[in-house]
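Remarks on the overall topology
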Amino acid sequence: MVIIRKIVSFFILAFDGFTSPSPMERTPEAQERVDAQTASLTLYQLPGCPFCVKVRREIRRRGLNIALKNIGTDSVANEELITGGGMRQVPCLKIPASTGTQWMYESSDINEYLRKIG
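Report on the accompanying structure. Given the structure is predicted, the values throughout are model-derived calculations rather than measurements.

Let us now look at the layout of surface pockets. In this approach a probe as big as a water molecule rolls over the atoms, and the regions it shows empty are the leftover space. There is about 320 Å³ of room inside the largest pocket. Sorting the residues of the lining of the largest pocket by element identifies α1 (2–18) and α3 (50–62) as the ones contributing at least two each. For the lining of the largest pocket, the leading source of residues is α1, giving seven residues. Class assignment of the residues belonging to the lining of the largest pocket gives a composition of nine nonpolar, five polar and two charged.

Set out below in structure tokens:
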């Protein structure tokens, strides 16, 4: 099963690399505003996960600067996700707010949230 997962991940990453969307262009001022909105966001992900690829493509398409943490190779990030979000599921967008941190898990919900930013 591990070998099959690695092979599938390889093809997913290759396809993503060949069909990567171009980021939208903004004025420097508009990009600064968007960067300020995304400065505190973190996406917990696994590189070969198709749902994570879906979110990373939206991040790229929108030209967003969001920190990425690979829970497969970063044990601290893995523990942060489990402790903060309550489960080891990716993709997960960590959204700090004054009312408390939100942990958003569904790729479609994450992409909808990202579209509202910029």
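What follows picks up the thread again.
Glancing now at a nonpolar patch on the surface. Nonpolar side chains collect at one region of the surface, where I3, I7, F10 and F11 lie side by side and expose about 470 Å² of accessible area between them. Inspection of the secondary structure puts I3 in helix α1.

Where helix α4 (residues 75–85) is concerned, the buried positions are A77, N78 and L81. For α4, the arc enclosing every buried residue in end-on projection is 105°, short of the 170-degree limit, so these residues lie on one face. Every exposed residue of α4 that faces more than 90 degrees away from the buried side is listed here: S75, V76 and T83. Considering only its buried residues, α4 is in contact with β1 (42–45), β2 (67–70), β3 (92–95) and β4 (102–104).

What counts and what doesn't
Per chain, residue numbering runs from 1 following the sequence as it is written. For this predicted model, a pLDDT threshold of at least 70 governs which residues receive local features, and a threshold of 80 or more governs which side-chain atom pairs are given and counted, while totals over whole chains, interfaces and linings are taken from all residues. Hydrogens and waters are ignored; side-chain quantities use all the structure's heavy atoms. Here a cavity is any set of points on a 1 Å grid over the protein atoms alone where a 1.4 Å probe fits but cannot get out, and a pocket is any open set with protein on both sides within 12 Å along at least 5 of 7 lines; a residue lines the site when it has an atom within 4 Å of a point. Grid points are joined across faces, edges and corners, and a volume is the space filled by probe spheres set on the points. Secondary structure elements follow DSSP: runs of H or I no shorter than four residues count as helices, runs of E no shorter than two count as strands, and numbering proceeds from the N terminus. Polarity classes work like this: nonpolar for Ala, Val, Leu, Ile, Met, Phe, Trp, Tyr, Cys and Pro, charged for Asp, Glu, Lys and Arg, and polar for all others, with Gly in that last group. Two joining distances apply to patches: 9 Å for like charges and 5 Å for nonpolar side chains (Val, Leu, Ile, Met, Phe, Trp, Tyr), and every residue must have over 30% relative accessible area and no salt bridge. Areas reported here follow the Shrake-Rupley algorithm with a probe of radius 1.4 Å; residue values treat only the protein chains shown as occluding. Criterion for a salt bridge: a side-chain nitrogen of Lys or Arg within 4 Å of a carboxyl oxygen of Asp or Glu. For each residue, the accessible area found with a 1.4 Å probe, counting protein chains only, is set against the maximum for its type, and the residue is called buried under 20%, exposed over 50%, and partly exposed in between. Note: the arc covers the axis-to-C-beta directions of the helix. Between two residues, a contact is recorded if the distance between any of their heavy atoms is within 4.5 Å.

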